[in-house]
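# Topology and contacts: notes
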Amino acid sequence: MALGFAVIFLSIALSIKSGIVRELLLLYSFAFLLFAGGGHVGQYLKPASYMLYLLSLSFFAITFFYNYRFRHLSRKASLKEYIDPLAGTGNRLYFEEVVKAEVESMERLGIRYAVIFIDLDNLKAINDTYGHERGDEYIRLTGRVIKENLRVDDMVARYGGDEFVVICSIRSCGEVLSIVGRLEEGLEGLRGETSMDYSFSLGFACYPDEGRSFEEVLSLADKRMYNNKLKKRNAKTNSPSV
């Protein structure tokens, strides 16, 4: 029976892309596999059987802990105090209390992730030219499109007045390119929805390929976003006037 459960959990895990849920299912599968192995080995070698049983119980305990932690953080994320009223995304408190705790769990489980920094290039100019109501609309549209183009387990928070941070689990650094592509396509589509001069800059970095800590990866994504912003600004400055 234990072997059957191991196969079921493994099959489900391999059928989904969600980082944390997938890793939890794999841990359950491995725990059941060890338990089944203990029963098989026990027919020939009792000490080894006991060792496998102890290992399986350890994996069950670890998996239960992270499953509880994941469910607890998921419930916290739905609280009103963590929602930005304009963007409809998580707010800075959500970033500090939920995102960072989630990232810590991902690192302990050995899950790769990417940080994507998105900055609205001209929010101040929109506020000054059209008024803060239009600036608020600018933020609402951005938050809506970002959420529409993320997966269910991806996290997004409004990091500052005109900045958003996205954290997504990945299997390899190359996977983030498809996520970035969807975000860019969706955000660029906003130019047709509003009469405002909609513009954004984006940068991303991967853990652990490009940083050994969340702070390093976040800083690199921010730096790349700022470099892209400068490139656009310089290109606009150097372009010939009509």
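Structural data are supplied above this passage.
Every value quoted in this text rests on a predicted model; they were computed, and no experiment measured them. (Residues numbered from 1 in each chain as written. Predicted model: local features only at pLDDT ≥ 70, side-chain atom pairs only at ≥ 80, totals over all residues. Heavy atoms only, no water.)

### Digging into the pairing of strand S3 (residues 163–170)
Taking burial as the measure, the 8 residues of S3 include 7 buried ones, the bulk of the element. Relative to S3, strand S1 (residues 112–120) is paired through 8 bridges, and the arrangement is antiparallel. Along S3, the bridge assignment pairs Phe117 with Val165. Pairing between strand S2 (residues 155–158) and S3: 4 bridges, direction antiparallel. (Buried < 20%, exposed > 50% of the residue type's maximum accessible area, 1.4 Å probe, protein only. Helix = DSSP H or I, 4+ residues; strand = E, 2+ residues; numbered from the N terminus. Pairing = 2+ DSSP bridges.)

### A word on the state of the cysteines
Here the structure, examined in full by the defined rule, presents 1 disulfide. What pairs with Cys173 in a disulfide is Cys206, and their sulfur atoms sit 2.1 Å apart. Between Cys173 and Cys206, the S-S torsion sits near 80 degrees, and that sign places the bridge as right-handed. Of the two residues, Cys173 is situated in the loop between S3 and helix H7 (176–188) and Cys206 in strand S4 (residues 200–207); the sequence distance between them amounts to 33 residues. Sulfur of Cys168: no disulfide; nearest cysteine sulfur belongs to Cys206 and is 8.2 Å away. Accessibility expressed as a relative area gives 0% for Cys168, which makes it buried. (Disulfide = S-S within 2.5 Å.)

### Some thoughts on the pattern of salt bridges
In the structure shown here, the tally under the stated rule is 14 salt bridges. For Lys229, the salt bridge is made with Asp119, and the minimal N-O distance between the two is 2.4 Å. Placement of Lys229 in helix H8 (residues 214–238) and of Asp119 in strand S1 is noted, with a sequence separation of 110 residues between them. For the pair shown, Lys229 and Asp119 are each scored as buried. (Salt bridge = Lys/Arg side-chain N within 4 Å of Asp/Glu carboxyl O.)

### Side note on the packing of aromatic side chains
To describe a pair of aromatic rings, you give the distance between the ring centres and the angle between the ring planes. Enumeration over the complete set of coordinates arrives at 8 aromatic pairs. Ring geometry for Tyr198 against Phe200: centres 6.3 Å apart, planes inclined by 50 degrees, an arrangement best described as tilted. Of the residues examined, Phe200 reaches a relative accessible area of 7% and is grouped as buried. Among the aromatic residues, those joined into a cluster by ring pairs are Phe95, Tyr113, Phe117, Tyr159, Tyr207 and Phe214. Stacked on the ring of Tyr159, the Lys or Arg Arg92 has its end atom at 4.1 Å from the ring centre. (Phe/Tyr/Trp six-rings, centres within 6.5 Å; stacked < 30°, edge-to-face > 60°. Lys NZ or Arg CZ within 6 Å of the ring centre and 35° of its normal.)

### Side note on the sheet that holds S4
Pairing within the open sheet is antiparallel, and its 4 strands lie in the order S2-S3-S1-S4. Each end of this open sheet is capped by a strand with a single partner; those strands are S2 and S4. For this sheet, the mean inter-axis angle between neighbouring strands, taken without regard to orientation, is 15 degrees. Helix-sheet contacts for helix H4 (residues 92–108) involve S1, S2, S3 and S4, and the interaxial angle to S2 is about 150 degrees. (Axes fitted to C-alpha atoms, helices over the stretch in contact; angles between N-to-C directions. Contact = heavy atoms within 4.5 Å.)

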